[in-house]
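What the coordinates show
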Protein chains: 2
Amino acid sequence: MQIIIPFSSREPKTRLDSVLTSEERRAFAGVMLEDVARAVELAGSAPIILSTEPIEVPWEVIVDERPLSLAVNGLLENSKGPIAIVMSDLAIVTAENIKQLTEARGDIIIAPGNLGGTNAFVTYSPEFRVDYHGASYLDHIKMAKKIGRDVVVVDSFRLATDIDVKEDLIEILIHGEGKSKEWLSERGFYLEIQGENRVGISRRGSRWQ
Amino acid sequence: MQIIIPFSSREPKTRLDSVLTSEERRAFAGVMLEDVARAVELAGSAPIILSTEPIEVPWEVIVDERPLSLAVNGLLENSKGPIAIVMSDLAIVTAENIKQLTEARGDIIIAPGNLGGTNAFVTYSPEFRVDYHGASYLDHIKMAKKIGRDVVVVDSFRLATDIDVKEDLIEILIHGEGKSKEWLSERGFYLEIQGENRVGISRRGSRWQ
């Protein structure tokens, strides 16, 4: 099965701008991509990066400048067999999770992201297309039903956790097993109990503190 | 196995005060408790509610006024066999999830909540005690290791999703299968795409809109 990881290197992760500089955000997006690609490798597959521009990584890269949904649909249209699409910011994903996706049986297998996203899916149906706009998880289920395909949902906290905002970094420090956690720790990020007994995240020795 | 659901009826869910009145929050906490208890029943067990004060529910109730950690530890100390503790605000939990917990094999089985919480656990070890303060998931793993017990982690988005803030209600509207979803819909809550293509939640016909 082809496992594709879409990646955008242009101003990635803008919602992390309260804690990371533009340069850091670009670097961090690359480190998260690496963690996801390594998980795919550990699961026994060769990841293919679908990137908005040429990047230097030890994996096959397909460059497509178009927006995410168009680029992914381009691949789906031309695919000759089952295909998996896994987001590049699933920083706590494991090889086990990748296997959950690739070993599930169904026409279309979806791992929802929190707040309605579609963090990963596998399609065995050549007609399936994506639209990442809005509550894409619900839309993708509807679309699968419309083309008469059954959907299997993978219930995983690790697959549901994409990294968009500062609070998401907390999950990496708690559950991360790869370079993203290391990268954050090296840059001074640490867990801290904040008001009303909640877990927060802070950064040492920087203007972001 | 005893399955305990701790419940606090005094000013519950205060962080939902931007969208629900105090009375509504109390009612909603009860509805979520009902969903969790029904999931336990559907999984073939009889839930026991550990409540801070007497409540009228069709399940066995143990009243203990003490704070959560003390009340749960009181039960763990006096327990004669394996025991499961499942939070009452896991509004999208299913019978399948409860079985994941009760059928897992290990000394201590933990389902992490998002942001470091411990949303559910099972202990086969009579010495295990809880401390829900702070990043309790990490603390509970440390405590289990300290008493020489192995930990199995259950990776589930549904088990990881506890309902604390407005955004959490989005998950109920998307993934809910019980009364909590119905309750929110009846009170005018609906999904709405907000700035930058994000899924938000709004409320019809009320001063909360």
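Going by the structure above, here's the rest.
Every value quoted in this text rests on a predicted model; they were computed, and no experiment measured them.

Conventions used here
Residues numbered from 1 in each chain as written. Chains lettered and ligands numbered in written order. Predicted model: local features only at pLDDT ≥ 70, side-chain atom pairs only at ≥ 80, totals over all residues. Heavy atoms only, no water. Contact = heavy atoms within 4.5 Å. Buried area = accessible area lost by both parts, 1.4 Å probe. Salt bridge = Lys/Arg side-chain N within 4 Å of Asp/Glu carboxyl O. Helix = DSSP H or I, 4+ residues; strand = E, 2+ residues; numbered from the N terminus. Nonpolar A, V, L, I, M, F, W, Y, C, P; charged D, E, K, R; others polar. Least-squares fit on C-alpha atoms with pLDDT ≥ 70 in both. Phe/Tyr/Trp six-rings, centres within 6.5 Å; stacked < 30°, edge-to-face > 60°. Lys NZ or Arg CZ within 6 Å of the ring centre and 35° of its normal. Pairing = 2+ DSSP bridges. Axes fitted to C-alpha atoms, helices over the stretch in contact; angles between N-to-C directions. Buried < 20%, exposed > 50% of the residue type's maximum accessible area, 1.4 Å probe, protein only. Parallel < 35°, antiparallel > 145°, perpendicular 65-115°, else oblique. Polar contact = N/O pair within 3.5 Å; in protein donor to acceptor, adjacent residues only side chain to side chain.

Remarks on the interface of chain B and chain A
- On the chain A side, the residues contacting the 29 residues of chain B number 29 residues.
- In this assembly, chain B packs against chain A so that about 2,300 Å² is buried in total across both faces, 60% of it on carbon and sulfur atoms.
- Per-residue buried area on chain B facing chain A is highest for Leu115, Asp155 and Phe157 of chain B; these three make up 26% of the total on that side.
- One can count zero salt bridges joining chain B with chain A.
- When residues of the side of chain B that touches chain A are traced back to their parent elements, those giving at least two are α3 (95-103), α4 (136-146), α5 (157-160), α6 (166-175), β8 (189-194) and β9 (198-203) of chain B.
- Ranked by residues supplied to the side of chain B that touches chain A, first place goes to α6 of chain B with five residues.
- Here the residues of the side of chain B that touches chain A sort into 13 nonpolar, ten polar and six charged.

Structural notes on the relation of the copies chain B and chain A
- Once turned by 180° and shifted 0.0 Å along the axis, chain B lies on chain A with an RMSD of 0.0 Å. Such a combination of rotation and displacement between the chain copies is what one expects of a two-fold axis.
- The residues that chain B uses at the interface reappear at the interface of chain A in 100% of cases, marking a shared surface.

Comments concerning the packing of aromatic side chains
- Per the stated rule, a full pass over the model turns up four aromatic pairs over all chains.
- With 5.4 Å between their ring centres and 70° between their planes, Phe121 of chain A and Phe128 of chain A make a pair best called edge-to-face.
- One cation-aromatic arrangement involves Arg204 of chain B over Tyr190 of chain B; the distance from NZ or CZ to the ring centre is 4.2 Å.

A word on the sheet that holds strand β3 (residues 60-63) of chain A
All names here are of chain A.
- Spatial ordering of the open sheet is given by β3-β2-β1-β4-β6-β5-β7, a layout of seven strands whose pairing is mixed. If you trace the sheet from one side to the other, it starts and ends with β3 and β7 (151-153), each paired once. For this sheet, the mean angle separating the axes of adjacent strands, direction not counted, is 25°.
- Two elements, strand β5 (residues 108-112) and β7, share three bridges in a ladder whose sense is parallel. Residue pairing in the sheet places Ile108 in a bridge with Val151 of β7.
- On the sheet, helix α1 (residues 22-42) packs against β1 (2-7), β2 (47-51) and β4 (83-86) and is oriented at approximately 175° with respect to β1.

Some remarks on the environment of Ile48 of chain A
Residues and elements named next belong to chain A.
- With respect to the secondary-structure elements, Ile48 resides in strand β2.
- Look at Ile48 and you get buried, because its relative accessible area is 7%.
- For Ile48 and Ala37, which are eleven residues apart along the polypeptide, the C-alpha to C-alpha distance reads 8.3 Å.

Considerations on the pattern of salt bridges
Residue and element names in this part refer to chain A.
- Overall, the coordinates contain 25 salt bridges over all chains when judged by the stated rule.
- Note that Glu34 is salt-bridged to Arg38, the shortest N-O span being 4.0 Å. Of this pair, Glu34 and Arg38 both sit in helix α1, four residues apart, roughly one helical turn.
- Through salt bridges with shared partners, one network takes in Glu34, Arg38, Glu41 and Lys179.

Focus: the sheet that holds strand β1 (residues 2-7) of chain B
Residue and element names in this part refer to chain B.
- Judged by pairing direction, the sheet is mixed, and its seven strands sit side by side in the order β3-β2-β1-β4-β6-β5-β7 without closing on themselves. Among the strands making up the open sheet, the edge pair consists of β3 (60-63) and β7 (151-153). Strand-to-strand twist across the sheet, computed as the mean angle between neighbouring axes with direction ignored, equals 25°.

Some words on the packing of helix α1 (residues 22-42) of chain B against helix α7 (residues 179-186) of chain B
Residues and elements named next belong to chain B.
- Between α1 and α7, the shortest axis-to-axis distance is 8 Å and the interhelical angle comes to 150°. The orientation of α1 with respect to α7, classified from their angle, is roughly antiparallel. Every residue of α7 that contacts α1 at Glu24, Ala27, Phe28, Val31, Met32, Glu34 and Asp35 is listed here: Lys179, Ser180, Trp183 and Leu184.
- Residue classes in the contact of α1 with α7 are distributed as six nonpolar, one polar and four charged.

Thoughts on the environment of Ile98 of chain A
All names here are of chain A.
- Among the secondary structure elements, Ile98 is positioned in helix α3 (residues 95-103).
- The spatial distance from the C-alpha of Ile98 to the C-alpha of Ile3 is 9.3 Å, given a sequence separation of 95 residues.
- Those residues within four positions of Ile98 in sequence are excluded, and the remaining contacts are Ile3, Ala39, Val40, Ala43, Val86 and Val93.

Structural notes on unusual backbone geometry
Residues and elements named next belong to chain A.
- We note that Lys13 has phi near 55°; this positive angle belongs to a residue other than glycine.
- Mapped onto the elements of the fold, Lys13 is located in the loop between β1 and α1.
- With relative accessibility at 18%, the residue Lys13 sits in the buried group.

Observations regarding the pairing of strand β5 (residues 108-112) of chain B
Residues and elements named next belong to chain B.
- Burial within β5 is extensive, with five of its five residues counted as buried.
- Going residue by residue along β5, you find Ile108, Ile110 and Pro112 tucked away on one face and Ile109 and Ala111 tucked away on the opposite face as well.
- Bridge count between β5 and strand β6 (residues 118-123): five bridges; the pairing is antiparallel. In the sheet register, Ala111 faces β6, and the bridge partner there is Ala120.

Concerning the side chain of Arg203 of chain B
All names here are of chain B.
- Relative to the helices and strands, Arg203 resides in strand β9.
- Within the structure, Arg203 has its side chain in polar contact with the backbone oxygen of Val19 (distance 2.9 Å).
- In this structure the side chain of Arg203 is engaged in a polar contact, spanning 2.7 Å, whose partner is the side chain of Glu24.

Here's the deal with the packing of α6 of chain B against α7 of chain B
Residue and element names in this part refer to chain B.
- At their nearest, the axes of α6 and α7 sit 9 Å apart, and the two run at 110° to each other. By the angle class used here, α6 and α7 are roughly perpendicular. Taking contact as the criterion, the partners of Leu169, Ile172 and Leu173 in α6 are, on α7, Ser180, Lys181, Leu184 and Ser185.
- Of the residues that constitute the contact of α6 with α7, the class distribution is four nonpolar, two polar and one charged.

Geometry only, nothing functional implied.
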